[in-house]
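# Results of the structural survey
One letter stands for each residue in the lines below.
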Amino acid sequence: MSAVTTEAYEVYRDSWGIPHLRASDPLRLSYAQGRTTALDRAWQLEVERHRAQGSSASFLGADCVPWDRFARQARLDDTARRCFEALDADTAAWVGAYVDGVNAGLAEGAARDGRFAAAGHTPAPWEPWVPLSIWIGTHILFAGFATKLWRDRVARTLGDAATTLFATDGPGTAGSNGWLVPGDRTATGAAIIAGDPHRFIEDPGVYQQIRLACPEYDVLGLAVPGVPGLAHFGHAGSVAWAITNAMADYQDLYTERLRPAAYGVEALGPDGEWEPVARHTETVTVAGGEDVEVEVLETARGPVIVNDDSAVLSLRYPPRVRADLGFAALPALLHARTVADVDRALDGWAEPVNVVHAADSEGGLLHRVAGAVPLREPANRLRPVPAWDARHAWRGWAETPAEPVQGFAVMANARGIASPLGVEFAPPHRADRIRALLSGAADWSPKAMAEVHRDTYLASAGPLLALLPDLDALSPAAAALRERLLAWDRHMEADSTDAAVFAAFRTAVVRGLAADPVFADLAGAPTGPEVFHPWLYLVPRVGYALEGLLTTPQLPGLDRAAHVRAALEATTADDAPETTWSERHRLTPWQAVPDPEAEWPGLGGDHDCVNATSSVPGVIDTVARASAARYVWDLADRENSLWAVPLGADGVTGSAHHRDQLPLWARCELVPVVTDWTRLTKDPS
């Protein structure tokens, strides 16, 4: 099959370079999606493929070894292969067509991108299960099983009652916004769905704006490069859907007891018998370094991902247990015409577990959870549990909740519809703020939704600021700072110097609390696999849990007022020149090969704002995590929908559409969706 010259499919682009694909049938369309993605994002596809397979160090160097070791020990690629082999024939053919398209375009795409030559890397043909491998690699840490390592450390140090002491309520590294406005609150009488997934910002971006059209369907939305279809965010004209992370807990860590055996290794099972452990070794090739041998062990619970002096832990996760990612839902979503179609498609969804909004042009509305969550003991959700105790075995699968839409439906990772399925959730601030903003009008339009996206009110500042009025014995400078902070409007606006001062004060509080003797045994350097260290540092944990640590009745020996007083004094003693928040709060996206010449914008917002631009309080003010896309789906007229991504449609550095959306995204502006083929430009032959 040739490129755009074939009658089987055509590629058009709008003024932002966003691809609109039109094909004669779904298989040719999937091929076209794969090939076009390879032409636009070959470097990104290769990085993600090798990360999922645990071979990224072969061309990116030694810094990638910790991840590659984990990917191999967790059996990510092998799990993807199993899931692919279990697909029904039609879905397997559809995924295979996408892979055929990727393979047809990789060489041409690589020739466009100088990073391949710089890294000395030549892409090799994909195996048919690579899209599933990329999906698993992208989402394996979504459920936050590494947090169980931190909770275990806290419980061992401060006692079992403190296990969830550092809940935010919810990890500061997770989150997304989504809201559904029914037709009785819009200007047209049709529903609007809007929101933004929060992820680590990468260059190229983690979402791809794309349109997929054939006689059977015509859908536009946000694809994950390397994966066919539109799993998370799509608009088919008569129906649209969107998701957020449900914050469900569906992965378990088991403490294993291993012993050598005549044939290899055995693990103590739940019936008191010693069971065989699968064992082999793999080699991670390292560019510019020595090869690394990795021992891969798998018990009856799952792959062993920690094996050192501190513990032996296996990971049990649903795709490995069920040989199912739910990929059959992806082509079903493309065929959806109504909310009922979306609902049926998502009945088969597995990984990750999401909260879903959907609406259709006939007034249908949907608010549900989709995904696979095992039934097991509550203790499994908190910490590693003993593999030899039968009480901790999985016992089937939980029902996924659904709720009727009454008024606005908001999803922002807070407690709510998914509460029975999780442990830690996001604070309610974003969800509450979105509801408050939406309640301010009854004639919402797509363009007006940009103001919701842009909102920078920081409700989580309240508990810290509430401690200021009662402080005594302040120096004149600290007293003046207190009055300034109390008068501040609590908006983390980009041009606000007050917001920058608050952030500096918050940093001083976090560092002071983290240095308190009550936390001394948690302050040491993390142990165990390096890939989990970001979950195990004390200062970030204090930063994200600050609101709870300031209000919890636990830790009676913690003198919060003294720390806040000291932070005020320390902030006033800092003689650095005053700056705006955006001067300190600058975007710093992850790049597989850093570009030292790149210039990144300063941003408004903060991790608990609707405009969620996450830094690490107490550590650094720059932004690594933010909206990986923004969307507004209008069910009255798809042409009135809006979207934006942090960079652009093209993954090649220096190309016209690589970063052309960045200035708009930084200001929370969105670009129009174009669906009229006559307003698009056909790719040249």
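Further up the page is the structure itself.
First things first, this report covers the structure right here in the doc. Fair warning: this is a prediction, and the values are worked out from it, not measured in the lab.

## Remarks on the overall build of the protein
- Of the regular secondary structure elements, the protein holds 21 helices and 25 strands.
- Against the globule reference of 26 Å for 685 residues, the protein gives a C-alpha radius of gyration of 25 Å, in line with a compact fold.
- On the principal axes, the C-alpha backbone points of the protein span a range of 80 × 70 × 50 Å.
- A burial count over the protein gives 62% of its 685 residues as buried.
- Across the protein, the fraction of contacts at a sequence separation of at least 24, relative to all contacts at a separation of at least 6, is 69%.
- By element, 51% of the accessible surface of the protein is carried by carbon and sulfur atoms, the whole surface being about 24,800 Å².
- For the protein, the separation between the mean place of its 59 positive charges and that of its 89 negative charges on side chains is 2 Å.

## Some points on the sheet that holds strand β9 (residues 252-255)
- Taken together, four strands build an open sheet; the order of strands is β14-β15-β9-β18 and the sheet is mixed. The sheet is open, and its two edges are formed by β14 (304-307) and β18 (385-386), each paired on a single side.
- As paired strands, β9 and β18 are joined by two bridges and run parallel to one another. Bridging from a neighbouring strand, Thr255 pairs with Pro386 of β18.

## So, the sheet that holds strand β5 (residues 208-214)
- Reading across the sheet, the nine strands line up as β17-β16-β8-β7-β6-β5-β2-β1-β25 and stay open at both edges, with mixed pairing between neighbours. Each of the sheet's edge strands pairs with one partner strand only, and the pair in question is β17 (365-370) and β25 (681-682).
- Note that strand β16 (residues 354-360) and β17 share six bridges and pair antiparallel. In the sheet register, Val355 faces β17, and the bridge partner there is Val369.
- Its contacts with the sheet put helix α1 (residues 26-53) on β1 (9-13), β2 (19-23), β5 and β6 (217-223), and the angle it makes with β2 is roughly 150°.

## Some thoughts on the pairing of strand β15 (residues 312-316)
- Where burial is concerned, most of β15 is hidden: five out of the five residues are buried.
- A two-sided burial pattern is seen for β15, the buried positions comprising Val312, Ser314 and Arg316 on one face and Leu313 and Leu315 on the other.
- Linking two consecutive strands that pair antiparallel, namely β14 and β15, is a turn of four residues.

## A closer look at the pattern of salt bridges
- According to the stated counting rule, one finds 50 salt bridges in the structure shown.
- Of the charged contacts, one joins Lys682 and Glu10 as a salt bridge, the two residues approaching to 3.3 Å between their closest N and O atoms. Of the two residues, Lys682 is situated in strand β25 and Glu10 in strand β1; the sequence distance between them amounts to 672 residues.
- Relative accessible area serves as the criterion here: at 40%, Lys682 is assigned to the partly exposed category.
- A salt bridge links Glu451 to Arg454; its shortest N-O distance comes to 2.2 Å. Placement of both Glu451 and Arg454 in helix α13 (residues 449-454) is noted, with a separation of three residues, approximately one turn of the helix.
- A residue is classified by how much of its surface remains accessible, and Arg454, at 25% relative accessible area, is partly exposed.
- Beyond isolated ion pairs, a larger network of salt bridges with shared partners links Arg75, Asp78, Arg81, Arg82, Glu85, Glu298 and Arg320.

## Overview of helix α3 (residues 65-73)
- Within α3, eight of the nine residues are buried, which leaves it mostly tucked inside the rest of the structure.
- Among the residues of α3, Val65, Pro66, Trp67, Asp68, Phe70, Ala71, Arg72 and Gln73 are the ones counted as buried.
- Residue Arg75 follows α3 closely and has a positive phi angle near 60°.

## Notes on the packing of helix α4 (residues 76-85) against helix α7 (residues 130-139)
- With their axes 8 Å apart at the nearest point, α4 and α7 run at an angle of 130° to one another. For the element pair α4 / α7, the angle class is oblique. Our pair here, α4 against α7, has a crossing hand that is right-handed. For the pair formed by α4 and α7, the contact residues are Leu76, Asp77, Thr79, Ala80, Cys83 and Phe84 on the first element and Leu132, Ser133, Ile136 and Gly137 on the second.
- Classifying every residue of the contact of α4 with α7 by side-chain character gives six nonpolar, three polar and one charged.

Rules used in this analysis
- Residues numbered from 1 in each chain as written.
- Predicted model: local features only at pLDDT ≥ 70, side-chain atom pairs only at ≥ 80, totals over all residues.
- Heavy atoms only, no water.
- Helix = DSSP H or I, 4+ residues; strand = E, 2+ residues; numbered from the N terminus.
- Rg over C-alpha atoms; globule rule 2.2 N^0.38 Å.
- Buried < 20%, exposed > 50% of the residue type's maximum accessible area, 1.4 Å probe, protein only.
- Contact = heavy atoms within 4.5 Å.
- Areas by Shrake-Rupley, 256 points an atom, 1.4 Å probe, with all protein chains shown as cover.
- Lys, Arg positive; Asp, Glu negative; His and termini not counted.
- Charge placed at Lys NZ, Arg CZ, Asp CG, Glu CD.
- Pairing = 2+ DSSP bridges.
- Axes fitted to C-alpha atoms, helices over the stretch in contact; angles between N-to-C directions.
- Salt bridge = Lys/Arg side-chain N within 4 Å of Asp/Glu carboxyl O.
- Parallel < 35°, antiparallel > 145°, perpendicular 65-115°, else oblique.
- Left-handed = near helix turned anticlockwise from the far one by under 90°.
- Nonpolar A, V, L, I, M, F, W, Y, C, P; charged D, E, K, R; others polar.

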